[in-house]
Amino acid sequence: MAPAATTPDPKAKSAFDEVRAWFFEDYLQRWVKAGAAGTSPTFITEYWGVPLWVGVEGHTPAVLLSAEAVIEFLDGMQTRLRASGYSHTVVPDRRLTLFHDRGAAIEVIWSRRRADESEIERLAVNFNCVKGEDGWRVIAIQGRPIDTLSLNESWPVHQEAAEER
């Protein structure tokens, strides 16, 4: 028996648009501006939650338990990038999954670049986000260096139906 047809939920559409704008139009722009200019990284607590779970390939996974630890993590990353001539970030691929009106996953490829467009690094990053009283916040970050421009090629994915197990 085929599932019943459903009509799109207008609330889900607005939540999708909201998290997309929050992440790509607000957060990303502030991150790039702060990274390039060397301004205070304290703004990040408006986007990254506490605790923040961080797993980056090649580094020991960590749970950042305070706003100070989250700020220090970002400051170290941006200081390293500025030392390499960081100017801006290009997004060759992105995917947003809305789980419900208060939960989403955002996957992106960050191509971090110098003003002459030469690439400093390229990462596939997954941001797990929730919306609470203070708005949307990233609660977990997973990332890895890559050499592709496609998310489909960046993450090994295995999917199977329960009946196949």
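Numbering of residues starts from 1 in each chain and follows the order in which that chain's sequence is written. Given that this is a predicted model, residues contribute local features only at a pLDDT of at least 70 and side-chain atom pairs are listed and counted only at 80 or more, while totals for whole chains, interfaces and linings are drawn from all residues. To obtain the side-chain values, all non-hydrogen atoms of the structure were used and water was disregarded.

Things to note about a nonpolar patch on the surface
Quick reminder of the rule: The residues that make up patches have over 30% relative accessible area and no salt bridge, and they are joined within 9 Å when like-charged or within 5 Å when they are Val, Leu, Ile, Met, Phe, Trp or Tyr. Calculation of accessible area relied on Shrake-Rupley with a 1.4 Å probe; when residues are assessed, cover is drawn exclusively from the protein chains displayed. Salt bridges are counted wherever a side-chain nitrogen of Lys or Arg sits within 4 Å of a carboxyl oxygen of Asp or Glu. The way it works is that DSSP assigns letters per residue, a run of H or I at least four long becomes a helix, a run of E at least two long becomes a strand, and they are numbered from the N terminus. For the exposure calls, accessible area comes from a 1.4 Å probe over protein chains only, and a residue counts as buried if that area is under 20% of its type's maximum, exposed if over 50%, partly exposed in between.
Nonpolar side chains collect at one region of the surface, where Trp53, Val63 and Leu65 lie side by side and expose about 340 Å² of accessible area between them. As for its position among the elements, Trp53 is in strand E1 (residues 48-56). Since its relative accessible area comes to 52%, Trp53 is described here as exposed.

Some thoughts on the packing of aromatic side chains
Put simply, the rule is: For Phe, Tyr and Trp, where Trp contributes only its six-membered ring, two rings pair if their centres lie within 6.5 Å, and the inter-plane angle classes them as stacked under 30 degrees, edge-to-face over 60, or tilted in between.
Scanning the entire structure with this criterion turns up 13 aromatic pairs. Consider the rings of Trp22 and Trp136, whose centres lie 6.4 Å apart with planes at 35 degrees: the pair is tilted. Remark: Trp136 occurs in strand E7 (residues 135-145) and Trp22 occurs in helix H1 (residues 10-37); sequence separation between them is 114 residues. Assigned by exposure class, Trp22 and Trp136 land together as buried.

Description of the environment of Val91
Its location among the elements puts Val91 in the loop between strand E3 (86-90) and strand E4 (94-100). Of the residues examined, Val91 reaches a relative accessible area of 27% and is grouped as partly exposed.

Some thoughts on the nonpolar core
Our working definition: What we call a nonpolar core is a set of buried Ala, Val, Leu, Ile, Met, Phe, Trp, Tyr and Cys residues that are connected through their side-chain atoms within 4.5 Å. Residue contacts are defined here by distance: any two heavy atoms, one from each residue, within 4.5 Å place the two residues in contact.
In this structure, Phe23, Tyr27, Trp31, Ile44, Trp48, Ile106 and Phe127 are the most contacted members of the largest nonpolar core, which totals 34 residues. Of all elements in the fold, only H1, E1, helix H2 (67-83), strand E5 (103-114), strand E6 (119-132) and E7 reach the threshold of two or more residues within this core. When residues in this core are grouped by element, the largest group, nine residues, is from H1. Apart from residues lying up to four places away in sequence, Ile106 is in contact with Val19, Phe23, Phe24, Arg95, Leu96, Val125, Asn126, Phe127 and Cys129. By size, the runner-up hydrophobic cluster in this structure holds five residues, among which are Ile109, Ile146, Leu151 and Trp155.

A look at the environment of Thr39
Along the polypeptide, Thr39 turns up in the loop between H1 and E1. Considered as a pair, Thr39 and Ser66 are 27 residues apart in the sequence and their alpha carbons are 20 Å apart.

Points about the pattern of salt bridges
Under the counting rule described, the total for this entry stands at nine salt bridges. Here Glu121 ties to Arg80 by a salt bridge, and the two come within 3.1 Å at their closest N and O atoms. Of this pair, Glu121 sits in strand E6 while Arg80 sits in helix H2, and the two are 41 residues apart along the sequence. Judged by its relative accessible area of 16%, Glu121 is buried. Taken together, the shared-partner salt bridges connect Arg80, Arg112 and Glu121 into one network.

Some details on the pairing of E1
Put simply, the rule is: Here a strand pair is declared whenever DSSP counts at least two bridges between the two strands.
Pairing of E1 with E7, which is carried by five bridges, proceeds in the parallel orientation. Opposite Val54, over in E7, you have Ile141 as the bridge partner. Bridge analysis of E1 against strand E2 (residues 62-64) gives three bridges, and the strand direction is antiparallel. Bridging from a neighbouring strand, Leu52 pairs with Leu64 of E2. Between E1 and the antiparallel strand that follows it, E2, lie five residues; Gly58 among them carries a positive phi value of about 90 degrees.

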